[in-house]
Amino acid sequence: MTGNPSGRLRRTILECLKDPAVHFPARGSGDLGETGVTARAVAAKLGVPRRTARAHLDFLTRLGLLRTRRVRCRVCYRRDEIRIAEVARVFEKGW
């Protein structure tokens, strides 16, 4: 696969968060699709330091592709499907 490693990692994060129940272990009784996934879980899944996962998650959040939700003392990330669809349409139209 070509491209930069950061871009590949971010695409992988977005793909894993598309169906978090498949890619991440369940936490308690919460629905991962609803509550989101922690940076620690993403880091473990991808085999990168938590700091690295957090940096990519924060970048995707600033772009509006992810939403955050605080659950107790943790920040959980989930996809913003509406925003992702909007961005996809922009690229399909060729800007």
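This write-up is about the structure you can find in this document. (Residues numbered from 1 in each chain as written. Predicted model: local features only at pLDDT ≥ 70, side-chain atom pairs only at ≥ 80, totals over all residues. Heavy atoms only, no water.)

### Focus on the nonpolar core
Core analysis: the biggest nonpolar cluster contains 19 residues, and Ile13, Leu17, Phe24, Val42, Leu57 and Leu66 have the highest contact counts within it. Listed by contribution, the elements that provide at least two residues to this core are helix H1 (5–18), helix H4 (39–46), helix H5 (50–62) and strand E3 (74–79). With near-sequence residues (within four places) excluded, Phe24 lies in contact with Cys16, Leu17, Leu32, Val37, Ala41, Val42 and Lys45. (Core = buried A, V, L, I, M, F, W, Y, C linked by side-chain atoms within 4.5 Å. Buried < 20%, exposed > 50% of the residue type's maximum accessible area, 1.4 Å probe, protein only. Helix = DSSP H or I, 4+ residues; strand = E, 2+ residues; numbered from the N terminus. Contact = heavy atoms within 4.5 Å.)

### Some details on the pairing of E3
Two elements, strand E1 (residues 37–38) and E3, share two bridges in a ladder whose sense is antiparallel. Residue pairing across strands places Val37 opposite Tyr77, the latter belonging to E3. When strand E2 (residues 66–71) meets E3, the two strands line up antiparallel, connected through six bridges. The partner of Arg69 across the bridge, within E3, is Cys76. Hairpin connection between E2 and E3: a loop of two residues separates the two successive antiparallel strands, and Arg72 in this loop has a positive phi of roughly 55°. (Pairing = 2+ DSSP bridges.)

### So, the packing of aromatic side chains
Taken as a whole and judged by the stated rule, the model has zero aromatic pairs. Positioned above the aromatic ring of Phe59 is the side chain of Arg10, whose terminal nitrogen or guanidinium carbon lies 4.0 Å from the ring centre. (Phe/Tyr/Trp six-rings, centres within 6.5 Å; stacked < 30°, edge-to-face > 60°. Lys NZ or Arg CZ within 6 Å of the ring centre and 35° of its normal.)

### A closer look at unusual backbone geometry
One non-glycine residue, Arg72, adopts positive backbone phi at about 55°. By secondary structure assignment, the location of Arg72 is in the loop between E2 and E3.

### Describing the environment of His56
For His56, the position within the fold is in helix H5. On the basis of relative accessibility, which here comes to 9%, the residue His56 falls in the buried class. Spatially, the C-alpha atoms of His56 and Ser6 are 7.9 Å apart, while their sequence positions differ by 50 residues. The contact partners of His56, leaving out residues within four places of it in the chain, are Ser6, Leu9, Arg10 and Ile13.

### A word on the sheet that holds E1
The strand order across the open sheet formed by three strands is E1-E3-E2, and the pairing between neighbours is antiparallel. The sheet terminates laterally at E1 and E2, the two strands that pair on one side only. In this fold H1 packs onto E1, E2 and E3, with an angle of close to 85° to the strand it touches most, E3. (Axes fitted to C-alpha atoms, helices over the stretch in contact; angles between N-to-C directions.)

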